Amino acid sequence: MHGRLKQLPPRASASTIVFALLVMLASGCGSSGERRSSTTAPSKSASSLAPVRGPYSPSIDPANFVSTIDNRFWPLEPGTAFHYKGRRGEVAQTDDELVTHQTKQILGISCTVVRDTVSERGRPIERTLDFYAQDKQGNVWYLGEDSFELKNGHFVKASDSWRSGVDGAKPGIIMPANPQPGDRYRQEYYPPGEALDQAHVLGYRGPVKVTYGTFKRSLVTSEFSPLEPQTEEKYYVAGVGEILERVVKGHHEEFQLVSVTH
């Protein structure tokens, strides 16, 4: 709330008036004390940084990225592994995601490499290397993936592999710095490989119970591709990361967090 200029007595001198004005300006004119530096630009929303409508050309400055990914909903500390169990259709599967100590240079940015392995009956059937980086505002960007699928007993690179800056591929946001209900943003953009995933922040729900624990409050997003008939919801907990994902439209698929190791 802005303070009002106090009325001075009629006989007040000009010097008194000037002095009073200076005092009020120095005290912030009765403001609450919350100020925004004129040299600090407010953080933009994910919807404006990675818009889902219109031509897509995200502004990426390598100097605006940091080496650590510590977004509260997507913390990626090297050496941490997230272990999930679930079902795809009628088949039981596990999904193990390891934050490696490796980095990959993409668009001049040092990206953290996450190795994701999906297994059935203890045998890997899918492997992916995902590349992430966080900007100074706290947004975690997805800059590409090397995806491998099992064919004739051997892993071969899948057609949906992509890397920002190659063949028109562009990065998207995997987790905003400050996710707000209603935010919609691109997570990846590679039309030749049909990698066009988008996300919509639904809000918060709770409590949510998974094998790893029960959480009072979870951020929930809806994720989908305009090229696919399915929609999935993902649940994130501050300080942990993703705890649950389930397909809510399309085939049956659900995975929940079982353990986290370091």
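Our subject is the structure listed above.
All figures in this text were calculated on a predicted structure; none of them were measured in a lab.

*Asks:* Describe the pairing of strand β7 (residues 123–135), naming the residues involved and giving the relevant values.
*Replies:* Taken together, the two bridges between strand β1 (residues 65–66) and β7 define a ladder with antiparallel strand orientation. Looking at the pairing, V66 lines up with Q134 of β7. Where strand β6 (residues 109–120) lies against β7, nine bridges are found, and the strand directions are antiparallel. Bridge assignment links V118 to a residue of β7, and that residue is E126. Hairpin connection from β6 to β7: two residues lie between these consecutive antiparallel strands, with R121 at a positive phi of about 55 degrees. Sheet topology note: the β7/strand β8 (residues 140–151) ladder contains nine bridges and is antiparallel. In the sheet register, L129 faces β8, and the bridge partner there is D146. Taking the residues that link successive antiparallel strands as the turn, the β7-β8 hairpin has four residues, and the phi of G138 there is positive, at about 105 degrees.

*Asks:* Got a sec to walk through empty space enclosed by the protein? Specific residues and values, please.
*Replies:* Rolled over the atoms, a probe with the dimensions of a water molecule shows which regions are left empty. A full pass over the atoms with the stated rule returns one cavity of 30 Å³ or more. Considering only enclosed or pocket space, the largest cavity measures out at about 30 Å³ in volume. Around the largest cavity, the lining residues are Y84, D95, E97, E242, E245 and F255. Looking at the lining of the largest cavity, the elements that each hand over two or more residues are β5 (91–106) and β19 (241–249). Class assignment for the residues of the lining of the largest cavity results in two nonpolar, no polar and four charged.

*Asks:* I'd love a proper account of the pattern of salt bridges, names of residues and values included.
*Replies:* The final tally for this structure, using the stated rule, is 10 salt bridges. Where K234 meets E223, a salt bridge forms, and the shortest distance between an N and an O atom there is 3.2 Å. Here K234, found in strand β18 (residues 231–237), pairs with E223, found in strand β17 (residues 218–224); they are 11 residues apart in sequence, far enough to count as distant. Among the salt bridges present, the one from K234 reaches E245, with a minimum N-O distance of 4.0 Å. In this pair, K234 is assigned in strand β18 and E245 in strand β19, connecting sequence segments 11 residues apart. The two residues K234 and E245 agree in class, both being buried. Counted as one network, the salt bridges with shared partners bring together E223, E232, K234 and E245.

Basis of the calculations
- Residues numbered from 1 in each chain as written.
- Predicted model: local features only at pLDDT ≥ 70, side-chain atom pairs only at ≥ 80, totals over all residues.
- Heavy atoms only, no water.
- Pairing = 2+ DSSP bridges.
- Helix = DSSP H or I, 4+ residues; strand = E, 2+ residues; numbered from the N terminus.
- 1 Å grid on protein atoms, 1.4 Å probe; cavity = no way out; pocket = protein on both sides within 12 Å on 5 of 7 lines; lining within 4 Å.
- Points joined across faces, edges and corners; volume = space filled by probe spheres on them.
- Nonpolar A, V, L, I, M, F, W, Y, C, P; charged D, E, K, R; others polar.
- Salt bridge = Lys/Arg side-chain N within 4 Å of Asp/Glu carboxyl O.
- Buried < 20%, exposed > 50% of the residue type's maximum accessible area, 1.4 Å probe, protein only.

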